[in-house]
Amino acid sequence: MKRYAIATMLAAAVACFVAVGIASAHKQPHPKKVRTLIHTTDNGCSGQEWANDTIKRTLKVHLNKDGSYRIREEDKGSFQTNAGGTTASPGNCTENKSKHGHSVRAGVVGSLKGYIKGTVTGGTFDPNGSCANPCSQPAFIAAYFGPTATFSCLTNSRDCKFKWVYHAKKDQNLLFRHWEDRGKGAGTFLKERFKGDIADA
């Protein structure tokens, strides 16, 4: 952040006092990470809802000098397919150039692991936030940084990176058991890559 030049000693002293106040107000937050349980719905590459997720999420927060926050969400949990998958399995879209299926029945279970990282601006980190189920990504950011916060991964931005990997358990009569969604950027800058599927047809 640029600072204006000071013409007098008095103005300089005032500016110094204000600067100290700003610095103390923008110290690295403690705790700098929180762990929470998230229940949310999952959408495939066609935008179709296909599963319900139960996620143990660790939110790691770093305060930047400009007052924004560099964050990383680390997810580990489980999924269970729902009726949405009978319309389209998670990997059933033209953008998925790897081998994939078309649909998946309800009740298929498995594990998931992944992360997303980007920058939050216009908010203040609250480690005591909470997000009602189902907790979408916009709702999660609002819960921990306030309703005016903006997350770079939810805008037109190059400042975003993510990866999630899904593994369905064996012996569920599936054609495909592994699904991966990774990418960089967001909105008009999004470059996303899909691999595999969770499908029985």
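Please refer to the structure higher up on the page.
Residues numbered from 1 in each chain as written. Predicted model: local features only at pLDDT ≥ 70, side-chain atom pairs only at ≥ 80, totals over all residues. Heavy atoms only, no water.

## Quick word on the packing of aromatic side chains
The description of an aromatic ring pair uses the distance of the two centres, along with the angle that the planes make with each other. Condition: Side-chain rings of Phe, Tyr and Trp, where Trp is taken by its six-membered ring, are said to pair if the distance between their centres is within 6.5 Å; with planes under 30 degrees apart they count as stacked, over 60 as edge-to-face, and otherwise as tilted. Only DSSP runs of H or I with at least four residues qualify as helices, and only runs of E with at least two residues qualify as strands; both kinds are numbered from the N terminus onward. Note on exposure labels: buried denotes an accessible area under 20% of the residue type's maximum, exposed denotes more than 50%, and partly exposed covers the range between, all computed with a 1.4 Å probe on protein chains only. Distance and angle both matter: a charge sits over a ring if NZ of Lys or CZ of Arg is within 6 Å of the ring centre and within 35 degrees of the ring normal.
Summed over all chains, the structure comprises eight aromatic pairs. Centroid distance Phe-140 to Tyr-144: 4.9 Å. Interplanar angle 45°. Geometry classified as tilted. One end of the pair is Phe-140 and the other is Tyr-144, both in helix H2 (residues 137–145) and four residues apart, which spans about a single turn. You can call Tyr-144 buried: its relative accessible area is 3%. Each residue in the set Trp-50, Phe-79 and Tyr-166 is aromatic and connected to the rest through ring pairs, giving one cluster. Here the basic side chain of Arg-57 rests over the ring of Phe-140, its NZ or CZ set 4.6 Å away from the ring centre. Here Arg-72 stacks its cationic end above the ring of Tyr-115, 4.3 Å away from the centre of that ring.

## Remarks on the state of the cysteines
In protein chemistry, a disulfide is the covalent bond that joins the sulfur atoms of two cysteines. Let me state the cut-off plainly: A pair of cysteine sulfur atoms is labelled a disulfide when the two atoms are within 2.5 Å.
For the structure on display, the rule yields three disulfides. Covalently, Cys-131 is tied to Cys-135 through a disulfide, its sulfur atoms 2.0 Å apart. Around the S-S axis, the bridge from Cys-131 to Cys-135 shows a dihedral of about 105° and counts as right-handed. In terms of burial, Cys-131 and Cys-135 fall into one category: buried. A sulfur-sulfur separation of 2.1 Å characterises the disulfide bridge that pairs Cys-153 with Cys-160. Note on the Cys-153 and Cys-160 pair: the S-S dihedral is about 110°, so by sign convention the disulfide is right-handed. Residue Cys-153 shares its accessibility class with Cys-160, and that shared class is buried.

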